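# Commentary on secondary and tertiary structure
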Amino acid sequence: MGEKNHTFYLYSKSSSAKITTLPERDADSFIYLKGCLKGESVEFLSEQNALAFLNNLCAKLVFCETGEDFLCHYYYSEKISDYVIIRGQRVNLHLSCGKGVWTVGSPLIFGSF
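Residues numbered from 1 in each chain as written. Predicted model: local features only at pLDDT ≥ 70, side-chain atom pairs only at ≥ 80, totals over all residues. Heavy atoms only, no water.

### What to know about the environment of V101
In this structure, V101 sits in strand 9 (residues 101-106). V101 sits in the buried class, given a relative accessible area of 15%. Those residues within four positions of V101 in sequence are excluded, and the remaining contacts are K4, E43, F44 and S96. (Helix = DSSP H or I, 4+ residues; strand = E, 2+ residues; numbered from the N terminus. Buried < 20%, exposed > 50% of the residue type's maximum accessible area, 1.4 Å probe, protein only. Contact = heavy atoms within 4.5 Å.)

As structure tokens, then:
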């Protein structure tokens, strides 16, 4: 799925989630935690690959945020049943870029990015 790391957000759909990161090659070993899994994110080495991933999910851009050291785009895909409400709109995919790594998370990226 991703190209670098795969992060799992357990027990909570917020920044208080237990966060566990594994190399992408080991990510399948976390499949047994489906009942505890509240979100996840994957890292890509290029914007092109991250956008191709979002395109495969038919994701529609909802809004963007930028700052001095970050870029965040928020999307919604009907192919993903879970979502959060931000600014009164459904969001279930979060794209960020920082330090040359493109990360896509669902429903959001928690922790630092």
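### A word on the sheet that holds strand 9
Pairing is antiparallel in the open sheet, where 7 strands are placed in the order 2-1-3-9-8-5-4. With partners counted over all chains shown, the strands left at the sheet margins are strand 2 (18-23) and strand 4 (60-66), one partner each. Neighbouring strand axes in the sheet, compared pairwise and without regard to direction, differ in orientation by 20° on average. As paired elements, strand 4 and strand 5 (residues 71-76) share 6 bridges and run antiparallel to each other. Pairing of E65 across the sheet is with C72, part of strand 5. Taken strand by strand, helix 1 (residues 47-56) contacts strand 3 (37-44), strand 5, strand 8 (93-98) and strand 9, and its axis lies near 20° from that of strand 9. (Pairing = 2+ DSSP bridges. Axes fitted to C-alpha atoms, helices over the stretch in contact; angles between N-to-C directions.)

### Structural notes on the nonpolar core
Counting 14 residues, the largest nonpolar core has F44, L54, L93, L95 and V104 as its most contacted members. When residues of this core are traced back to their parent elements, those giving at least two are strand 3, helix 1, strand 8 and strand 9. Sequence-distant contacts of V104, that is, excluding residues within four places in its chain, are made with E40, S41, V42, F44, A50, F53, L54, L93, H94, L95 and I109. In terms of nonpolar packing, the next biggest core, distinct from the first, is built from 10 residues, A17, C72, Y74 and V91 among them. (Core = buried A, V, L, I, M, F, W, Y, C linked by side-chain atoms within 4.5 Å.)

### With respect to the pairing of strand 9
The side chains of a regular strand alternate between both faces of the sheet. The element strand 9 is extensively covered by neighbouring structure, given that 6 of its 6 residues are classed as buried. Both faces of strand 9 are covered, namely the face carrying V101, T103 and G105 and the face carrying W102, V104 and S106. In this structure, strand 3 lies alongside strand 9, joined through 5 bridges in antiparallel fashion. By the bridge assignment, V42 is partnered in strand 9 with V104. As judged from the 5 bridges shared by strand 8 and strand 9, these two strands associate in the antiparallel manner. Considered in strand 9, the bridge of H94 is made with G105. Taking the residues between adjacent antiparallel strands as the criterion, strand 8 and strand 9 are bridged by 2 residues, where K99 takes a positive phi near 55°.

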